[in-house]
Amino acid sequence: KVLEVYVDKGMQNGQKITFTGEANANPGLAAGDVVVVLKQDEHPTFTRKEGNLIVEKEISLSDALCGAEFCIKQLDGRLLHVRSQRGAVISPGTLKSVRGEGMPTWRNPIERGFMFIRVQVRFPVMLSTEQRMAVEQVLGQRTPLEHSAADMEEVEMLDFQQEHVRSGHANGFAYDEDDEDHQPKVQCAQG
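Residues numbered from 1 in each chain as written. Predicted model: local features only at pLDDT ≥ 70, side-chain atom pairs only at ≥ 80, totals over all residues. Heavy atoms only, no water.

Caption draft 1: Quick peek at the overall build of the chain. Across its full length, the chain carries 2 helices and 12 strands. Relative to its 191 residues, the chain shows a buried fraction of 19%. In the chain, of all internal contacts separated by at least 6 residues, the share reaching a separation of at least 24 is 41%. Carbon and sulfur atoms make up 51% of the accessible area of the chain, which totals about 15800 Å². (Helix = DSSP H or I, 4+ residues; strand = E, 2+ residues; numbered from the N terminus. Buried < 20%, exposed > 50% of the residue type's maximum accessible area, 1.4 Å probe, protein only. Contact = heavy atoms within 4.5 Å. Areas by Shrake-Rupley, 256 points an atom, 1.4 Å probe, with all protein chains shown as cover.)

Caption draft 2: Up close: the sheet that holds strand 7 (residues 95–98). Read across the sheet, 4 strands follow the order 3-4-10-7 without closing on themselves; strand pairing throughout is mixed. Each edge of the open sheet carries a strand with a single partner, namely strand 3 (46–49) and strand 7. For this sheet, the mean angle separating the axes of adjacent strands, direction not counted, is 30°. Across 8 bridges, the pairing between strand 4 (residues 52–60) and strand 10 (residues 115–122) is parallel. Paired with Lys 57 across the strands is Val 119, a residue of strand 10. (Pairing = 2+ DSSP bridges. Axes fitted to C-alpha atoms, helices over the stretch in contact; angles between N-to-C directions.)

Caption draft 3: Structural detail: the nonpolar core. The biggest cluster of nonpolar side chains holds 16 residues, and the ones touching the most others in it are Ile 59, Phe 70, Ile 72, Met 115 and Ile 117. Residue assignment for this core shows that the elements contributing at least two residues are strand 4, strand 5 (69–73), strand 6 (79–83) and strand 10. When residues in this core are grouped by element, the largest group, 4 residues, is from strand 10. (Core = buried A, V, L, I, M, F, W, Y, C linked by side-chain atoms within 4.5 Å.)

Caption draft 4: Summary view of the side chain of Arg 48. On the secondary structure map, Arg 48 appears in strand 3. At a separation of 3.2 Å, a polar atom in the side chain of Arg 48 contacts the main-chain carbonyl oxygen of Gly 10. Looking at Arg 48, its side chain comes within polar contact range of the main-chain oxygen of Glu 50, at 2.7 Å. For Arg 48, the residues in contact, after removing those within four places along its chain, are Gly 10, Met 11, Gln 12, Gln 40, Leu 53 and Met 103. (Polar contact = N/O pair within 3.5 Å; in protein donor to acceptor, adjacent residues only side chain to side chain.)

Caption draft 5: Quick peek at the pattern of salt bridges. Tallied over the full model, the rule gives 6 salt bridges. Across the pair Arg 78 and Glu 101 runs a salt bridge, and its minimum N-O distance is 2.6 Å. Taken as a pair, Arg 78 in the loop between strand 5 and strand 6 and Glu 101 in the loop between strand 7 and strand 8 (104–105) lie far apart in primary sequence, 23 residues in all. The buried category is assigned to Glu 101, whose relative accessible area is 13%. The structure contains a network of salt bridges with shared partners spanning Asp 76, Arg 78 and Glu 101. (Salt bridge = Lys/Arg side-chain N within 4 Å of Asp/Glu carboxyl O.)

Caption draft 6: Focus on the packing of aromatic side chains. Evaluation of the coordinates by the stated rule reveals 1 aromatic pair. Taking the centre distance of 6.0 Å and the plane angle of 5° together, the rings of Phe 114 and Phe 116 count as stacked. If you follow Arg 107 out to its NZ or CZ, it ends over the ring of Trp 106, 4.0 Å from the centre. (Phe/Tyr/Trp six-rings, centres within 6.5 Å; stacked < 30°, edge-to-face > 60°. Lys NZ or Arg CZ within 6 Å of the ring centre and 35° of its normal.)

Caption draft 7: Quick peek at the side chain of Gln 74. By secondary structure assignment, the location of Gln 74 is in the loop between strand 5 and strand 6. A distance of 2.8 Å separates the side chain of Gln 74 from the backbone oxygen of Glu 101, its partner in a polar contact. The residues contacting Gln 74, other than those within four sequence positions of it, are Phe 46, Leu 53, Leu 80, Glu 101 and Met 115.

Caption draft 8: Structural detail: the environment of Leu 127. Structurally, Leu 127 is set in the loop between strand 10 and helix 2 (129–139). Judged by relative accessible area, which is 35%, Leu 127 ranks as partly exposed. When sequence neighbours within four positions are dropped, the list of residues in contact with Leu 127 reads Arg 132 and Val 135.

Caption draft 9: Inspection of the pairing of strand 3 at higher detail. Of the two faces of strand 3, the one lined by Phe 46 and Arg 48 is fully buried and the one lined by Thr 47 and Lys 49 carries no buried residue. Of the pairings in the sheet, the one linking strand 3 to strand 4 comprises 4 bridges and is antiparallel in character. Directly across from Lys 49, in strand 4, lies its bridge partner Asn 52. Counting the residues that bridge the hairpin from strand 3 to strand 4 gives 2 residues, and of these Glu 50 lies at a positive phi of roughly 55°.

Here it is in structure tokens:
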């Protein structure tokens, strides 16, 4: 016997569809149930979280400061024109919401969840002197030092690389690798 499985709009990953009494039966015994468990495939653009969809979107620094405008292709093929409010600044990692563009609700497909847009801001790698001056003119001067330069030792801030984390007692620090979270812990050298 062939069973046809109909997946309703809005059904969730792991949800079960039961066909009562449709399993093979042994003589003299009642037939068991056939249980189909839904497994959701991963999507290259969207992540589903219950009735909501999550999408990552990268925007430029200019868009983040002056107002972003972009398109998202919805699962059903529609193109959504997404706009932020003019003048509203979008910080890196901000989560924005679009009502009614998530997944349909099971047994009430007219009602839909939210689409959450996790915004990442693409910063320029370097600025020329003219660009830095223009930014300072628009956004204000950089934050002044809290102490006089004579009281401080100047060091250079580098981009982090995994090789910068060392085990052992280099430079007077020890990294405790035995912690349960496996994150290095800095300890003061005793001596």
